[in-house]
Amino acid sequence: MSTHELKTFSATYDWAKTWRDLPWAHDEATLFLAELCAKRKPGRALDIGCGAGTDSVYLAQRGWDVTALDFIPRALEFTQARAREAGVSVTPVEADITAWRADQPFDLVLDHGLLHNLDPVRHAAYRQTVLHALADDGDFILLHWHPLFPGQGNGKMGPRRVSREEIRAFFAPDLQERFYAREEFEDLPDAVGGGMTQAYYWFRRNQAQRQPAVLLAQVQATLGRHKVDAARLLADAGDSPVAARLAAPDLLSRLIGPGRLGISHQVLEPAEAMQRLREWSAQAGVDPHFATNLLQLFMSVDHGDICGTQPKCPQCEVRFCKRQRYR
């Protein structure tokens, strides 16, 4: 950690008489946590930069096995005291997130404002730690500040403001945004740069990147369900493009983009889509010709129009697609 970070946060915690005195104290659980708890059974949760302990206690009260991590001892004292008052327990870990490694994966990793206070030279280590800690089917929830208006500075004390595009690119291709929300604060102290947009992210593993062979198998299973003999059509095509008619010139861009398969984390121009698909195939160790022809059949009007301009999601086996919302 940098000396600046340690001095700044230590001074704030030394000044605070109770957790409510902390500038980042909050009574309500971080956005998306309530919905996440309603969607999945309690598991292992990691609260990085636990701060005032609100989220750690909230999760523990709902049956989660919570590890509360912070590099300031007093933050852990506040969190443990609040947990005792609530009749629950959390596991405290005093550590710098960029130098710590989880010994087991977590079903939930939560960051309520740690990343935007990190020195950028440590961002790569932070990212590596989060990805290492997150289970294959885990959820990652992040709170981060964005500019309130274009060109807004960070203020003397930070936090650092970045755009939504920068956050998504930072975690791509490994994580895919599932939900996003924002709220604006127009009048904050000058020391933190005045107003800001507070953004909330809910990420999950990008399975197109993590399990490309499984993704293509799901596509093949869907074609089979729709009585499309993909094996014969691909064999007949040989080294040539498969005969497939698409309903829109940008359909491949839609299919591989962030709104469906997540092969690309941003919306591409039609002319860029084929090249991105080839790059993904090469990176995934998949024959680019096979992947291209298979997905052309998947979109083709002549072969069921399965993933066309109006995708047939209820009859689709591609569970990795974002349109399925991982349900």
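Up top is the structure.
Residues numbered from 1 in each chain as written. Predicted model: local features only at pLDDT ≥ 70, side-chain atom pairs only at ≥ 80, totals over all residues. Heavy atoms only, no water.

A. Layout of the overall build of the chain. Assigned secondary structure in the chain consists of 12 helices and seven strands. In terms of overall dimensions, the chain has C-alpha extents of about 75 × 45 × 30 Å along its principal axes. When the accessible surface of the chain is split by element, carbon and sulfur atoms take 50% of a total near 15,300 Å². Across the chain, the mean location of the 38 positive side-chain charges is 4 Å away from that of the 41 negative side-chain charges. (Helix = DSSP H or I, 4+ residues; strand = E, 2+ residues; numbered from the N terminus. Areas by Shrake-Rupley, 256 points an atom, 1.4 Å probe, with all protein chains shown as cover. Lys, Arg positive; Asp, Glu negative; His and termini not counted. Charge placed at Lys NZ, Arg CZ, Asp CG, Glu CD.)

B. Structural view of the pairing of strand β5 (residues 134-146). Counting buried residues in β5 gives 11 out of 13 residues, a clear majority hidden from the surface. One ladder, built from six bridges, connects strand β4 (residues 106-112) with β5; its direction is parallel. For H112, the partnering residue across the bridge sits in β5 and is L143. Each parallel crossover has a hand, and the one from β4 via helix α5 (residues 123-133) to β5 is right-handed. Bridging between β5 and strand β7 (residues 196-205) involves eight bridges; their strand directions are antiparallel. Looking across to β7, one finds that F140 is bridged to F203. (Buried < 20%, exposed > 50% of the residue type's maximum accessible area, 1.4 Å probe, protein only. Pairing = 2+ DSSP bridges. Right-handed = clockwise from strand over helix to strand, strands pointing away.)

C. View of the state of the cysteines. Overall, the coordinates contain zero disulfides when judged by the stated rule. Looking at C37, it has no disulfide partner, and the nearest cysteine sulfur is the one in C50, 17 Å off. In this model C316 remains outside any disulfide bridge; the closest cysteine sulfur is found in C307, 6.4 Å from its own. Relative accessible area serves as the criterion here: at 11%, C316 is assigned to the buried category. (Disulfide = S-S within 2.5 Å.)

D. Structural detail: the environment of R210. Tracing the sequence through the fold places R210 in helix α7 (residues 207-210). Under the relative-accessibility criterion, R210 is labelled partly exposed at 40%. Separated by 35 residues in the primary sequence, R210 and L175 have C-alpha atoms spaced 9.5 Å apart. Filtering out sequence-adjacent residues up to four positions away, R210 remains in contact with D136 and R205. Engagement of the side chain of R210 in a polar contact is seen with the side chain of D136, the distance being 2.5 Å. (Contact = heavy atoms within 4.5 Å. Polar contact = N/O pair within 3.5 Å; in protein donor to acceptor, adjacent residues only side chain to side chain.)

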